Amino acid sequence: MTVSVETRRSRVTVYAKSTAPSLTPVKPGKTHEFTALDHSMSRHSVHLVCYYRQAPTVTMTALKESLCDVLSYYPAMTGRLVKNEGDGCGEWMVKCNDAGVRMVDARADTTLDEFLATATDEEERQLAYWEDVGSDPYLWSPYCIQFTDFKDGSMAVGISCTHFHADPTCVAVFSRAWSETHRRALVTCPPFFHPWAFYPRKNPVPSSPHLSEKSTIPPPLHPPAMSSVTFAFSASSVRQCLADLQLSNLSPFDALASLLWLRISSYKRASLGTAQLTLAVDCRRRMSAPLPLGFYGNALHFFGVKADLSSGWIHIASELNRHVSGIKEDDVWSSVEWLHERSKEKAFQMYGPELTCLAWDNVPVYNAEFSPGAIPVHVGCRIGNAQGEGLVVIMAGAPGEGEEARTVIVTLPTDLTAQIYRDEAILKYRPKIMFSPNI
Amino acid sequence: MPAQPLPDFSTSVRLKYVKLGYQYLVNHFLTLLLIPMIATCVLELVRRGPEELISVYNSLDLDVIHILCSSFVIIFVLTVYYMSRPRPVYLVDYACFKPAPSCRVPFATFMEHTSMICEDPKSVQFQTRILERSGLGEETCLPPANHYIPPNPTMEAARAEAQLVIFSAIDDLIKKTGLQPKHIDILVVNCSLFSPTPSLSAMIVNKYKLRSNIKSFNLSGMGCSAGLLSIDLARDLLQVLPGSNALVISTEIITPNFYKGNRRDMLLPNCLFRMGAAAILLSNRRRDATRAKYRLLHVVRTHKGADDRAYRCVYQEEDSDGHCGISLSKDLMAIAGDALKSNITTIGPLVLPMSEQLLFFFTLVGRKLINPTLRPYIPDFKQAFEHFCIHAGGRAVIDELQKSLQLSAEHVEASRMTLHRFGNTSSSSLWYELNYIESKGRMKRGDRVWQIGFGSGFKCNSAVWKCLRTVKTPVDGPWAECIHRYPVDIPEIVKL
């Protein structure tokens, strides 16, 4: 796919900012406490963008009304950060003071199909407006929801939030609850506020060699400029991938994550050897007392996978499969307890600076139907502040493309991104390339 | 603890009974005089017997002409009396605008926006202090344009707010009363701060396709007391037009009036004014008397504009940076008290029972002739009215009136709760308060209501209504969903 050489002016314009209150006032004195996992993620942000075709009930005004409605169930979202005066976990907590979430109105000077076909990485970033915390956290909204109108009446809804409050699963479940409230249907995954979910066990064994190592890495002096590209693999492409691997027990995640790890590493250094990949996996369902999907907060487990890259793609894929299926609950707890011990200290970067991969394809993201039967045309997810060697996000693809379809968003230093989306080994499986950088 | 001397207690009880006896005697004086007289006459007639009565009648020697002339005179006098009585004005029903909860402005949101829009931290602090002590709650609503950072007060947005609040109120009223828009004879709209061309009354005529010979009026610039001025105008017109009805709309459009500057005396309206509107249907038709809720007894208007201080008390002007705002002077409460006193002096003789008027008269005579240091007697208005609707202009206004009229907490409850739930909705606040009293099931047939409005000018206007039929709960209106939560305890200062 050819991309114009000169940098094009962005077609997305933000023209108004406001605040959405919840419909019912919050009882005064309500607070929400963070877990150790929440505190560890405080340097990052989550940005989820869903694209919808034109529909009579999907208008900016109607969506704003239903947003106010669903916020009545999420008092933690409309609150503000205050210092944790008590001896609870970490430095911060949320005072549910009913301040509301920030809303941004924008318009895109093109139709939805045109945008999905030709938009750059920069333009997609502009669909999820985000402001980092300023001088006064008490006046800063941890959530920001952007509504972008396209020329043909289609709409893009961009939900941005600080990773402190919610992980990508939480944001996806919120957008689903919002869509159900909009349709006046029953909310299938109501929010579950339970800050004690990750409180250390009675006999804690705090230990996480992987995270200890990460915490000692000094922040880079000159973080490289990063850019992203999105690969949309259809079900047939993924099946082709799996067929080429010839192992029967591998999942689409194993295949795609290993392929990308191999190809990215091959561009970074000439000779391949043993390398480490950090994986982030949602562990809501992996606990013996499983947390409901509506659990509000962070439930990502970070761990390292070592593999010898020179042994070939099949070996790497099976190593990944072994590690991911072999996650032990004790490891999750140890890591949580290690984080709890140092929760009052400054958080370090979790996504990066080494190559990281977020395994998010087991979470359904295409079920936020604002209009009955009208699922999003496309869903994109980005993580903010993931500078360093790069981040690969593997998420479910559009249902219309098949059950094994996957969307892979690769964020790398700019010069690497330019090479990766022309890579023959990846292009062999004919992914649709979207939101490539503007170079 | 030493035993309290009983005589204190017993004298106050005795005094209470003396006062009650005096009131009963004076207020029912005529009745007490007439009943013995009628009883004596009847006894006398019965004693005399029918034959004696017939002989007395024959001795009068009346012929046909005498009888005809006397009947003619009596009929003539009665006709002149009935024709010269003012037409009764009935309030058939009214409806208030209920704002959507998505427009609500919690304190935290208001302060956040103010911090982001205002460059001067002292103004932000000042507005925080006002809001803390304002008596407003977390459910008051601002129009959509004011939710933007910074607010976006275009004319289109102001018209949109006007259409939203006014048309909602009128639609509600039409549903309640079955009113046909083509049958509206008089239309009076009052909105002080937004006056587009064509006027808001023309906007209503256009939307509801009212008749081409409608008498429409649009009052602008007349302040928060303009609601009662509209009622007065409608009443005067209903005296001239027989068999007519009048639609009165009271509202205040907030969108164009956000003050962007830093002058403290101009920042108060930003903090207190909220969205609201009321639509009232008045009629002078006899057939509406059976279904009307209230009858208008009196409207008393007091204008203190001749006094320079009162005239400049609420003044719209541009500040040194060119931002337009409404400045409220520091002696607002003193001037309001003064205006109220004038208003009371006029309305007192119209509504107070004879007992109170006599007491006031004697105290006045005593002060002038005998002893100038005698305390002036403040008539007890609680005997004239069962319900009070005091304009919810702010906590200070309600406190001041409660003190000067010696009202109990229950009397001012409607005003305080309206301020808490809806904020200062300017001229329509009196109708929200009336709706509160009805929603609480306190409005019974025969109850009298006193509505007091204050506004720029400086004006103090009063209206007195009499309830014609007991209002049954639940009442459909802006209080329908939240009345069970009220009254709430409003703290002196809400910590933000």
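Residues numbered from 1 in each chain as written. Chains lettered and ligands numbered in written order. Predicted model: local features only at pLDDT ≥ 70, side-chain atom pairs only at ≥ 80, totals over all residues. Heavy atoms only, no water.

1. Brief notes about the UniProt feature "active site" (unreviewed entry) in chain B
Residues and elements named next belong to chain B.
- If you check UniProt for "active site" (unreviewed entry), the listed places come out as C224, H303, H387, H391, H420 and N424 in our numbering. The named residues occupy 201 residues along the chain; their greatest pairwise C-alpha distance, 28.7 Å, places them well apart from one another. The subset of these annotated residues that lines the largest pocket comprises C224, H391 and N424.
- By the secondary structure assignment, H391 is in the loop between β9 (387-390) and α14 (395-404).
- The exposure class assigned to H391 is buried, which follows from its relative accessible area of 4%.
- Filtering out sequence-adjacent residues up to four positions away, H391 remains in contact with C224, V397, I398, N424, S426, S429, L430, E433, I452, G453 and F454.
- Within the local environment of H391, its side chain forms a polar contact with the side chain of S429, the two groups lying 3.0 Å apart.
- Mapped onto the elements, N424 comes out in the loop between α15 (413-422) and α16 (429-439).
- For N424, a relative accessible area of 2% gives the class buried.
- Excluding residues that lie within four positions of it along the chain, N424 makes contacts with L272, F273, R274, H391, A392, G393 and L419. (UniProt positions renumbered as here; feature names shortened; annotations may be inferred. 1 Å grid on protein atoms, 1.4 Å probe; cavity = no way out; pocket = protein on both sides within 12 Å on 5 of 7 lines; lining within 4 Å. Helix = DSSP H or I, 4+ residues; strand = E, 2+ residues; numbered from the N terminus. Buried < 20%, exposed > 50% of the residue type's maximum accessible area, 1.4 Å probe, protein only. Contact = heavy atoms within 4.5 Å. Polar contact = N/O pair within 3.5 Å; in protein donor to acceptor, adjacent residues only side chain to side chain.)

2. Focus on the layout of surface pockets
Residues and elements named next belong to chain B.
- Considered as a void within the structure, the largest pocket measures approximately 1200 Å³ in volume.
- Lining the largest pocket are 43 residues; nearest its centre among them are L268, L272, V314, L328 and L332.
- Counting only elements with at least two residues in the lining of the largest pocket, the list comes to α6 (121-132), α10 (264-272), β7 (314-318), β8 (324-328), α12 (332-351), α14 and β10 (448-455).
- For the lining of the largest pocket, the element with the highest residue contribution is α10, accounting for 5 residues. (Points joined across faces, edges and corners; volume = space filled by probe spheres on them.)

3. With respect to the packing of aromatic side chains
Residue and element names in this part refer to chain B.
- A full pass over the atoms with the stated rule returns 37 aromatic pairs over all chains.
- Plain terms: the ring middles of F422 and W479 are 5.2 Å apart, the flat faces sit at 85 degrees to each other, and that makes the pair edge-to-face. One end of the pair, F422, is in helix α15; the other, W479, is in the segment after β11 (459-467), and 57 residues separate them in sequence.
- Judged by relative accessible area, which is 0%, W479 ranks as buried.
- An angle of 85 degrees between the planes, with centres 5.3 Å apart, marks the rings of W479 and Y486 as edge-to-face. (Phe/Tyr/Trp six-rings, centres within 6.5 Å; stacked < 30°, edge-to-face > 60°.)

4. Quick word on the UniProt feature "domain: Beta-ketoacyl-[acyl-carrier-protein] synthase III C-terminal" (unreviewed entry) in chain B
- Under the UniProt annotation, "domain: Beta-ketoacyl-[acyl-carrier-protein] synthase III C-terminal" (unreviewed entry) lies at residues 386-466 of chain B.
- Structurally, residues 386-466 of chain B comprises 38% helix and 25% strand, and the distance from its first C-alpha atom to its last is 10 Å.

5. Describing unusual backbone geometry
- In this model, T197 of chain B is joined to P198 of chain B through a cis peptide bond whose omega is -5 degrees.
- Here P198 of chain B lies in the loop between β2 (186-191) and α8 (200-208).
- Positioned with a positive phi, Q246 of chain A is a non-glycine residue whose angle comes to about 65 degrees.
- Among the structural elements, Q246 of chain A can be located in the loop between α7 (235-245) and α8 (252-268).
- Look at Q246 of chain A and you get exposed, because its relative accessible area is 67%.
- At Q406 of chain B, a position not held by glycine, the phi torsion is positive, near 55 degrees.
- Mapped onto the fold, Q406 of chain B is located in the loop between α14 and α15.
- You can call Q406 of chain B partly exposed: its relative accessible area is 44%.

6. A word on the nonpolar core
- Membership of the largest hydrophobic core comes to 118 residues, with the highest contact counts inside it found for L67, F147, W178, F231 and W261 of chain A.
- For this core, the leading source of residues is α8 of chain A, giving 9 residues.
- Leaving out residues up to four positions away in the same chain, L67 of chain A has contacts with A20, V101, M103, I145, F147, F174 and W178 of chain A.
- One finds A234, L238, L296 and L430 of chain B within the second-largest nonpolar core, a separate group that totals 74 residues. (Core = buried A, V, L, I, M, F, W, Y, C linked by side-chain atoms within 4.5 Å.)

7. Some words on the pattern of salt bridges
Residue and element names in this part refer to chain A.
- Here the structure, examined in full by the defined rule, presents 47 salt bridges over all chains.
- Here K17 makes a salt bridge to E131, at a shortest N to O gap of 2.9 Å. In this pair, K17 is assigned in strand β1 (residues 12-20) and E131 in the loop between α4 (121-125) and β7 (143-149), connecting sequence segments 114 residues apart.
- Judged by relative accessible area, K17 falls into the buried class, the value being 18%. (Salt bridge = Lys/Arg side-chain N within 4 Å of Asp/Glu carboxyl O.)

8. Re the interface of chain B and chain A
- Facing the 15 residues of chain B at the interface are 21 residues of chain A.
- Summed over both partners, the interface of chain B with chain A buries about 1500 Å², with 55% contributed by carbon and sulfur atoms.
- Inspection of the chain B/chain A interface yields 3 salt bridges.
- Our count for the contact surface shared by chain B and chain A stands at 10 residue pairs in polar contact (both at pLDDT 80 or more).
- Partitioning the side of chain B that touches chain A into residue classes produces 6 nonpolar, 5 polar and 4 charged. (Buried area = accessible area lost by both parts, 1.4 Å probe. Nonpolar A, V, L, I, M, F, W, Y, C, P; charged D, E, K, R; others polar.)

9. So, the sheet that holds strand β3 (residues 45-52) of chain A
All names here are of chain A.
- The strand order across the open sheet built from 6 strands is β1-β6-β7-β8-β3-β13, with neighbouring strands paired in mixed fashion. Two strands lie at the open edges of the sheet, namely β1 and β13 (378-384), each paired on one side alone. On average, each strand axis in the sheet is inclined to that of its neighbour by 15 degrees, with strand direction left out of account.
- Where β3 meets β13, 7 bridges bridge the pair, whose relative direction is antiparallel. Of the residues in β13, the one forming a bridge with V46 is I383. (Pairing = 2+ DSSP bridges. Axes fitted to C-alpha atoms, helices over the stretch in contact; angles between N-to-C directions.)

10. Describing the sheet that holds strand β5 (residues 92-95) of chain A
All names here are of chain A.
- Pairing in this open sheet of 3 strands is antiparallel, and the strands run β2-β5-β4 from one edge to the other. With one partner strand each, in any of the chains shown, β2 (31-33) and β4 (80-83) form the two edges of the open sheet. In this sheet, neighbouring strand axes are inclined to one another by 40 degrees on average, regardless of whether the strands run parallel or antiparallel.
- Direction of pairing for β4 relative to β5: antiparallel, over a ladder of 4 bridges. Bridged to R80 within β5 is K95.

11. Describing α10 of chain B
- Among the residues making up α10 of chain B, those that are buried are M266, L267, P269, N270, C271 and L272 of chain B.
- In this structure, the buried side of α10 of chain B is in contact with α5 (107-117), α6, β7 and β8 of chain B.

12. Side note on the environment of V238 of chain A
Residues and elements named next belong to chain A.
- Tracing the backbone through its elements, the reader meets V238 in helix α7.
- Accessibility expressed as a relative area gives 0% for V238, which makes it buried.
- C-alpha of V238 to C-alpha of E319: the two residues are 81 residues apart in sequence and 19 Å apart in space.
- For V238, the residues in contact, after removing those within four places along its chain, are F233, P252, L256, E404 and R406.

13. Observations regarding the state of the cysteines
Residue and element names in this part refer to chain B.
- For the structure shown, the criterion picks out 0 disulfides over all chains.
- No disulfide involves C224; its nearest neighbouring cysteine sulfur is the one of C191, lying 11 Å away.
- Judged by relative accessible area, which is 17%, C224 ranks as buried. (Disulfide = S-S within 2.5 Å.)

14. Describing the side chain of S237 of chain A
All names here are of chain A.
- Tracing the backbone through its elements, the reader meets S237 in helix α7.
- What makes S237 buried here is its relative accessible area of 2%.
- Within the structure, S237 has its side chain in polar contact with the backbone oxygen of Y429 (distance 2.9 Å).
- In contact with S237, other than residues within four places in its own chain, are Y429 and R430.

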